[in-house]
Amino acid sequence: MAKKYFIKTFGCQMNERDSETIAGMLSDMGYEEADRKEDADLVVINTCSVRDNADKRFFGTLGQLKSIKERRPDFLVALCGCMMQQERVRKDIERKYPWVDMVIGTHNIHQFPATLERTVEKNSEEACEREKDTADRFPEKQNHRYKKDHTLMEVYDEAGPIVEGLPQKRLYRHKAFVNIMYGCDNFCTYCIVPYTRGRERSRKPEDILEEIRRLTEDGVKEVTLLGQNVNSYRSGDTDFPGLLRKVHETDLARIRFMTSHPKDVSPGLIEVIRGCPKVCDQIHLPVQAGSDRILERMNRKYTAARYKRLAEDIRKAREGVCISTDIIVGFPGETEEDFKATLDLCREVRFDSAFTFIYSPRPGTPAASYGDMIPDEVKHERFNRLVEIINETQRESSMRLLGTDCEVLVDGPSKTDPHVYTGRTSSFKVVDFRWEGQKGLSPRGDEAEDIVGRMVRVRITQCRTFNLWGELL
Ligand code: 5AD
Ligand code: SF4
């Protein structure tokens, strides 16, 4: 019987994309996907270290696995992702979680299959016996590998050349993530990413286009081009706007990209947003703060005024474009006045959506040693005030679609009701609508499933907190 795997992914799209690569490699090795971690022979946890709540959830998940491991000694646990790049975390694992079988870093996930094979070998009774025997006979060699509770760690501090052509098992048939670059050179003072993902490296346009060609042949209609800072993409003569124009010539119907750093949004990019209709009505443009003093301390390299101008230019270039953002509250030294500047900026820009975060110090980053930390109660109180404004502008943005007809790419039936299907507009808003399938067929019948991955027109009839409701036209 085929061995089964289960992958738990924390964090950003970059990690989701890495998990798809690991899933692809595992299915090439003959593994099948399990629905629950309890049914798996191998659990992979792809970790995130960007904020401390992901840290905490990871250790929670890891703790749950211990009892499975105790019951089934063949059960394997593999860890990967950003947390594994931190020595502090690896030491913790060695000390407190020695039953973890293998650890692999962010720069060498292509070595996952080989490392897993060595792990399986190490874990097999036979190998343990063999090595124990060797160790008994040659005590001077003191080989301790026969001990099962020893974690195989394969982590590089620095990235090697980009490895192309790795397999991928996608979450959706009709949409895909495509990495265009790896790493980040910006060193925002709060952020751990430059330390865990290394320096910026861009893929060659021909490799990216080849991947997209294969994806469209396989039925993909929408791609999201991924990078920590897509606007600093460069390979030879091709910059990011140039790459977007090339991608625009493929058979894709929709192109998204993330994340954009405001300091690098060029007039060329705004021209692409104006002139390339396949580029979606959506841009994710993290502002982080509205006070110039805090932006400077964050090392963001733009001012609030420049950000506002940018947002205006983007909205002028494309009617109906939705701007989403990330905001951190409670950065060290943030005064009430600084925070009010963030609120003012939000009121002015009127974000279509926003991810709001409470600052959490990341060991090893400059801001973690700034000293003037904001008390928790103040952070929470500010957070709530911010969320109020964001909810208001977000709702306003959705209300604008009420009564209009939207093109929706259908993702599938909703989790709670098989007759309700869900999809996304070009502006990335979730739209739910009723779909009973064709007459006489159950909605789960093949013909009904056909709607998944199709572009349909939906009239928006209701605006709810997290989604829109509509009628299929
Ligand atoms: N604390 C809180 N939020 C953070 N982010 C990154 N680092 C931290 C941190 N130390 C947020 C930023 C970034 C998003 C991915 O996570 O807003 O854009
Ligand atoms: Fe982190 Fe700043 Fe790089 Fe984004 S641009 S990944 S926030 S360092």
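Here goes a summary of the coordinates provided. (Residues numbered from 1 in each chain as written. Chains lettered and ligands numbered in written order. Predicted model: local features only at pLDDT ≥ 70, side-chain atom pairs only at ≥ 80, totals over all residues. Heavy atoms only, no water.)

### Details of the packing of aromatic side chains
Using the criterion set out here, one finds 10 aromatic pairs in the structure. Between Phe 59 and Tyr 97, the ring centres sit 5.7 Å apart and the planes meet at 25°, which makes this aromatic pair stacked. Separated by 38 residues along the polypeptide, Phe 59 in helix H2 (residues 52-71) and Tyr 97 in the loop between helix H3 (87-96) and strand S5 (102-104) bring together distant segments of the chain. A residue is classified by how much of its surface remains accessible, and Phe 59, at 23% relative accessible area, is partly exposed. On the numbers, 6.4 Å between centres and 90° between planes, the contact of Tyr 190 with Phe 331 is edge-to-face. Here Tyr 190 is found in the loop between strand S8 (181-182) and helix H6 (193-197), whereas its partner Phe 331 is found in the loop between strand S15 (322-329) and helix H12 (336-349), with 141 residues between them in sequence. Comparing Tyr 190 with Phe 331, the two get one shared label, buried. Site record: aromatic cluster; members linked through ring pairs are Phe 58, Phe 59, Tyr 97 and Trp 99. Note that Lys 8 overlies the ring of Phe 10, its terminal NZ or CZ placed 5.2 Å from the centroid. Taking NZ or CZ as reference, Lys 175 lies 4.6 Å from the ring centre of Tyr 172, over its face. (Phe/Tyr/Trp six-rings, centres within 6.5 Å; stacked < 30°, edge-to-face > 60°. Helix = DSSP H or I, 4+ residues; strand = E, 2+ residues; numbered from the N terminus. Buried < 20%, exposed > 50% of the residue type's maximum accessible area, 1.4 Å probe, protein only. Lys NZ or Arg CZ within 6 Å of the ring centre and 35° of its normal.)

### Some points on the nonpolar core
Core analysis: the biggest nonpolar cluster contains 63 residues, and Ile 180, Leu 225, Phe 240, Phe 257 and Phe 351 have the highest contact counts within it. Considering each element in turn, this core owes the most residues, 6 residues, to helix H11 (residues 304-317). If sequence neighbours within four positions are ignored, Phe 257 has contacts with Thr 224, Leu 225, Val 230, Phe 240, Leu 244, Leu 269, Val 279 and Ile 283. Grouped together as the second largest cluster of nonpolar side chains are 24 residues, Ala 34, Val 43, Val 89 and Tyr 97 included. (Core = buried A, V, L, I, M, F, W, Y, C linked by side-chain atoms within 4.5 Å. Contact = heavy atoms within 4.5 Å.)

### What to know about the site of ligand 1
Taken together, the neighbourhood of ligand 1 is formed by Val 50, Arg 51, Tyr 190, Gln 288, Asp 326, Ile 328, Phe 357, Ile 358, Tyr 359, Ser 360 and Arg 362. The contact in question runs from a nitrogen atom of ligand 1 to an N or O atom on the backbone of Tyr 190, over 3.1 Å. In the environment of ligand 1, an oxygen atom lies 2.6 Å from a nitrogen or oxygen atom belonging to the side chain of Asp 326. Calculation on ligand 1 without its partners gives an accessible area of 400 Å², and the protein chains cover 86% of this total. Of all the elements in the fold, those that place two or more residues in the shell around ligand 1 are S15 and strand S16 (353-358). Looking at the shell around ligand 1 residue by residue, the class counts come to 6 nonpolar, 2 polar and 3 charged. (Near = heavy atom within 4 Å. Polar contact = N/O pair within 3.5 Å; in protein donor to acceptor, adjacent residues only side chain to side chain. Areas by Shrake-Rupley, 256 points an atom, 1.4 Å probe, with all protein chains shown as cover. Nonpolar A, V, L, I, M, F, W, Y, C, P; charged D, E, K, R; others polar.)

### Some words on the pairing of strand S7 (residues 175-179)
With 5 of 5 residues buried, S7 lies mostly within the body of the structure. What you see with S7 is no split at all: Lys 175, Phe 177 and Asn 179 on one side and Ala 176 and Val 178 on the other are buried throughout. As paired elements, S7 and strand S10 (residues 222-226) share 5 bridges and run parallel to each other. Bridge pairing in S10 places Phe 177 opposite Thr 224. (Pairing = 2+ DSSP bridges.)

### Some details on the pattern of salt bridges
Oppositely charged side chains are able to pair whenever their charged atoms sit close together. Applying the stated criterion across every chain, the model contains 42 salt bridges. A salt bridge links Asp 18 to Arg 197, with the shortest nitrogen-to-oxygen separation between them at 3.0 Å. Within this pair, whereas Asp 18 is found in helix H1 (residues 13-28), its partner Arg 197 is found in helix H6, the two being separated by 179 residues in sequence. Among the residues examined, Asp 18 registers a relative accessible area of 9% and is labelled buried. The salt bridge involving Arg 256 is made with Glu 222; its shortest N-O contact spans 3.0 Å. Of this pair, Arg 256 sits in strand S13 (residues 254-258) while Glu 222 sits in strand S10, and the two are 34 residues apart along the sequence. Accessibility assignment for this pair places Arg 256 and Glu 222 in one class, buried. (Salt bridge = Lys/Arg side-chain N within 4 Å of Asp/Glu carboxyl O.)

### Regarding the sheet that holds strand S18 (residues 420-425)
Pairing within the closed barrel is mixed, and its 5 strands lie in the order S17-S18-S19-S21-S20. On average, each strand axis in the sheet is inclined to that of its neighbour by 50°, with strand direction left out of account. Here 5 bridges tie S18 to strand S19 (residues 430-434), and the two strands are oriented antiparallel to one another. Note on S19: the bridge partner recorded for Val 420 is Arg 434. (Axes fitted to C-alpha atoms, helices over the stretch in contact; angles between N-to-C directions.)

### Let's talk about the sheet that holds S16
In space, the 3 strands of this open sheet follow the order S14-S15-S16, with parallel pairing throughout. With one partner strand each, in any of the chains shown, strand S14 (282-284) and S16 form the two edges of the open sheet. Strand-to-strand, the axes of this sheet are offset by a mean angle of 15°, without reference to chain direction. Two elements, S14 and S15, share 3 bridges in a ladder whose sense is parallel. Counterpart to Ile 283 in the pairing with S15 is Ile 323. Contacts between H11 and the sheet are confined to S14 and S15, with S15 contributing the most and set at about 160° to the helix. Contacts from helix H13 (residues 376-399) reach S15 and S16, with the element oriented near 175° to S16.

### As for H12
Relative to the 20 Å expected for 14 residues at 1.5 Å per residue, H12 spans 20 Å between its end C-alpha atoms, a close match to the ideal helical length. Along H12, the residues that are buried comprise Asp 338, Phe 339, Thr 342, Leu 343, Leu 345, Cys 346 and Val 349. Summarising the axial view, the buried residues of H12 lie within an arc of 160°, below the 170-degree limit, and thus occupy one face. Exposed and facing more than 90 degrees away from the buried side of H12 are Glu 337 and Glu 348. Immediately beyond the C-terminal end of H12, within one or two residues, lies Arg 350, with a positive phi of roughly 55°. (Expected span 1.5 Å × (residues − 1). Arc of directions from axis to C-beta.)

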